[in-house]
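Each chain, letter by letter, is given below.
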Amino acid sequence: PWQWPPPTPSDTPIEFSDKVTLLSHHIADDQQSLTLNWQVNQPFDADYTVFIQAWQGTEQVTGFDGPPVQGDYPTSLWAPGETIVDTHALDLSVLPPGDYYLLVGLYNPSTGERLPAFGPDGPLPDYAVNVGTVQGVGSRQ
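About the thresholds
Residues numbered from 1 in each chain as written. Predicted model: local features only at pLDDT ≥ 70, side-chain atom pairs only at ≥ 80, totals over all residues. Heavy atoms only, no water. Helix = DSSP H or I, 4+ residues; strand = E, 2+ residues; numbered from the N terminus. Rg over C-alpha atoms; globule rule 2.2 N^0.38 Å. Contact = heavy atoms within 4.5 Å. Areas by Shrake-Rupley, 256 points an atom, 1.4 Å probe, with all protein chains shown as cover. Pairing = 2+ DSSP bridges. Axes fitted to C-alpha atoms, helices over the stretch in contact; angles between N-to-C directions. Phe/Tyr/Trp six-rings, centres within 6.5 Å; stacked < 30°, edge-to-face > 60°. Buried < 20%, exposed > 50% of the residue type's maximum accessible area, 1.4 Å probe, protein only. Lys NZ or Arg CZ within 6 Å of the ring centre and 35° of its normal.

Draft legend 1. Structural view of the overall build of the protein chain. Counting secondary structure elements, the protein chain contains zero helices and ten strands. Taken over the C-alpha trace, the protein chain has a radius of gyration of 15 Å; the compact-globule value for 141 residues is 14 Å, and the two agree within 12%. Dimensions of the protein chain, computed from C-alpha atoms along their principal axes, come out at roughly 45 × 30 × 30 Å. In the protein chain, the share of contacts with a sequence separation of at least 24, taken over all contacts with a separation of at least 6, comes to 69%. A total accessible area of about 7100 Å² is found for the protein chain, and carbon and sulfur atoms account for 50% of it.

Okay, structure coming up:
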């Protein structure tokens, strides 16, 4: 399987190529949003999209893809040295009750290519970082 076992949640900064560092992340107490704090290292040559995937075991259940900063500040405008606070809504009502871990990364929507992600021990599987666990609140089908 693609992500077996689930990757350990990351509490350390994650480098995405030479472009940006994910400094920190926070799932809101009400689990309605995920905030990503990015440190820009180099200019981007394209506008990247953030992917947020909810996984249960070895199965991806749903995703919450979207442009950073709700599309108001595309990555092609990010300047080195900036810190970007990027909040994404999470609709956990689409998930049946249970625990799900969230994987996050960046991809170029024109090509589908993911920006390589590196932790302290090297490249992360499928260039995605585990940012923690949420609980589904939807009804069982």
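Draft legend 2. Structural detail: the sheet that holds strand S7 (residues 98-107). In spatial order, the strands read S5-S4-S7-S10; together these four strands make up an open sheet with antiparallel pairing. Two strands close off the open sheet at either side, each with one partner strand: strand S5 (59-63) and strand S10 (129-136). Looking at each pair of strands side by side, their axes are set apart by 35° on average, direction ignored. Relative to S10, S7 runs antiparallel, the two being bridged by seven bridges. Bridge pairing links Asp 99 to Gln 135 in S10.

Draft legend 3. Examining the packing of aromatic side chains more closely. Evaluation of the coordinates by the stated rule reveals five aromatic pairs. Ring geometry for Phe 16 and Trp 38: centres 5.6 Å apart, planes at 70°, overall edge-to-face. Of the two residues, Phe 16 sits in strand S1 (residues 14-16) while Trp 38 sits in strand S3 (residues 33-40), which places them 22 residues apart along the sequence. The burial state of Phe 16 is the same as that of Trp 38; both residues are buried. When the ring of Trp 55 is compared with that of Tyr 101, the centres are 6.4 Å apart and the planes differ by 20°; the resulting orientation is stacked. With Trp 55 in strand S4 (residues 49-56) and Tyr 101 in strand S7, this pair connects stretches of sequence that are 46 residues apart. The exposure class assigned to Trp 55 is buried, which follows from its relative accessible area of 6%. Between the NZ or CZ atom of Arg 114 and the centre of the ring of Phe 51, over which it lies, the distance is 4.0 Å.

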